[in-house]
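Survey of secondary and tertiary structure
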Amino acid sequence: MLFGRSGGVDWLVVCLGNPGDQYENTRHNVGFRVADELAERKGIPIQRLKFRALTNTAELGGQRVLLMKPITYMNLSGEAAREAAAFYKVPPQRILVVSDDVALPVGRLRLRRSGSAGGHNGLKNLISQLGTDQFPRVRIGVGAKPHPDYDMADWVLGKFQSADKAAIDAAIPRAADAVEAVLRDGMDHAMNAFNSRS
């Protein structure tokens, strides 16, 4: 279901990643994969270029939502969110961000109402651009780098292998379910449902 500008949106769902074929299926791009999963469920493409993001509007969990895949590259993701939030007058509490998390085991979901960036450059820029860390998140575990000397950029821009690939393939639809649960049932219910799962 599509909505015109006059209808506005209730929520932004900002799914983080990097544009370009070379970044497909990397650890940093699990947010984009969740966006694609949600779009596929609704039978809509996320391809309208607006607010420096690929976007489309949809009804998710009974809410009118702008699905966003910022194309500014990860470190500037907040610029797209800020522009869309200003246009639609959406407060930070209704900007749901979907991102990867190296502090969580591969495939583990963690929903939070707010919090620090935890070293994630996309979240860091969102906090800077929105002027607050009080926005909800669905974080998807991509696993810690294998040893301390391993370059973090190489790790998050690397692709999943073998068992990790199977785990993340299973986690993407669950993360999409979590997004819909936040929108439909509220964060408390969604946290209870998804944070306890392995």
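Right, let's walk through the structure included here. (Residues numbered from 1 in each chain as written. Predicted model: local features only at pLDDT ≥ 70, side-chain atom pairs only at ≥ 80, totals over all residues. Heavy atoms only, no water.)

Quick notes on the nonpolar core
Using the following cut-off: To qualify as a nonpolar core, a set must consist of buried Ala, Val, Leu, Ile, Met, Phe, Trp, Tyr and Cys residues joined through side-chain atoms within 4.5 Å. Only protein chains enter the accessibility calculation, which uses a 1.4 Å probe; a residue whose area is less than 20% of its type maximum is buried, one above 50% is exposed, and one in between is partly exposed. Residues are treated as being in contact if the distance between any of their heavy atoms lies within 4.5 Å.
Ranked by size, the top nonpolar core spans 35 residues in total, and within it Val13, Val34, Val98, Leu111, Val138, Ile140 and Val179 carry the most contacts. Residues in contact with Val98, not counting those within four places in the same chain, are Val13, Val14, Cys15, Leu16, Gly31, Val34, Val138, Ile140 and Val179. Grouped together as the second largest cluster of nonpolar side chains are 22 residues, Ala53, Ala81, Ile95 and Ala117 included.

Considerations on the layout of surface pockets
The criterion, for reference: Note on definitions: the grid is 1 Å and covers protein atoms alone; a cavity is a set of points where a 1.4 Å probe fits but cannot get out; a pocket is an open set with protein on both sides within 12 Å along at least five of seven lines; lining residues have an atom within 4 Å of a point. Grid points are joined across faces, edges and corners, and a volume is the space filled by probe spheres set on the points. By the criteria applied, helices consist of DSSP H or I runs no shorter than four residues and strands consist of E runs no shorter than two, each listed in order from the N terminus. When residues are grouped by polarity, Ala, Val, Leu, Ile, Met, Phe, Trp, Tyr, Cys and Pro land in nonpolar, Asp, Glu, Lys and Arg in charged, and all others, Gly among them, in polar.
What the largest pocket holds in volume is close to 450 Å³. In terms of lining, the largest pocket is formed by 24 residues, of which the most central are His28, Gly119, His120, Asn121 and Val156. Mapped onto the lining of the largest pocket, the elements with two or more residues apiece are strand 5 (95-101), helix 3 (121-130), strand 7 (137-141) and helix 4 (152-156). Roughly 230 Å³ of volume is contained in the second largest pocket. The wall of the second largest pocket is formed by 13 residues, among which Glu24, Asn29, Phe32, Asp36 and Lys69 lie closest to the centre. In terms of residue count, helix 1 (residues 30-42) provides more of the lining of the second largest pocket than any other element does, three residues in total. Each residue belonging to the lining of the second largest pocket can be placed in one class, and the counts come to four nonpolar, four polar and five charged.

A closer look at the packing of aromatic side chains
Under the convention used in this document: The rule is short: rings of Phe, Tyr and Trp, with Trp giving its six-membered ring, pair when the centres are within 6.5 Å, and they are stacked under 30 degrees, edge-to-face over 60, tilted in between.
Counted by the stated rule, this structure contains four aromatic pairs. Here Tyr23 and Tyr73 contribute two aromatic rings whose centre-to-centre distance is 6.2 Å and whose plane-to-plane angle is 80°, an arrangement assigned as edge-to-face. Placement of the pair is Tyr23 in the loop between strand 1 (11-15) and helix 1 and Tyr73 in the loop between strand 4 (63-70) and helix 2 (77-88), with a sequence separation of 50 residues. For Tyr73, a relative accessible area of 43% puts it in the partly exposed group.

Focus: the environment of Leu183
By the secondary structure assignment, Leu183 is in helix 5 (residues 162-185). Along the sequence, Leu183 and Glu59 sit 124 residues apart, while their C-alpha atoms lie 9.8 Å from each other. Ignoring any residue separated from it by four or fewer positions in sequence, one finds Leu183 in contact with Trp11, Val13, Leu60, Gly61, Gln63 and Val65.

Considerations on the packing of helix 1 against helix 5
The angle between the axes and the distance between the axes are what describe a pair of packed helices. What counts, and what does not: Angles here are taken between N-to-C directions and fall from 0 to 180 degrees, while the axes themselves are lines fitted to C-alpha atoms, restricted in helices to the stretch in contact. Note on convention: near helix rotated counterclockwise from far helix by under a right angle means a left-handed crossing. Clockwise means right-handed.
Interhelical geometry of helix 1 versus helix 5 gives an angle of 65° and a closest axis separation of 9 Å. In terms of crossing hand, the pair formed by helix 1 and helix 5 is right-handed. Of the residues in helix 5, those touching helix 1 at Val30, Arg33, Val34, Glu37, Leu38 and Arg41 are Ile168, Asp169, Ile172, Pro173, Ala175, Ala176, Asp177, Val179 and Glu180. Here the contact of helix 1 with helix 5 is built from residues that sort into nine nonpolar, no polar and six charged.

Notes on the sheet that holds strand 4
As a reminder of what qualifies: At least two DSSP bridges between two strands are required for those strands to pair.
If you trace the seven strands from one edge of the open sheet to the other, you get 2-3-4-1-5-7-6, paired in mixed fashion. Looking at which strands have only one partner, the edges of the open sheet turn out to be strand 2 (48-50) and strand 6 (109-112). In this sheet, neighbouring strand axes are inclined to one another by 30° on average, regardless of whether the strands run parallel or antiparallel. Examined bridge by bridge, strand 1 and strand 4 share four bridges and lie parallel to one another. Bridge pairing in strand 4 places Val13 opposite Leu67. Strands strand 1, strand 3 (53-60), strand 4, strand 5 and strand 7 of the sheet are contacted by helix 1, whose axis makes an angle of about 140° with strand 4. The strands that helix 3 touches are strand 5 and strand 7; relative to strand 5, the one it contacts most, it runs at about 155°.

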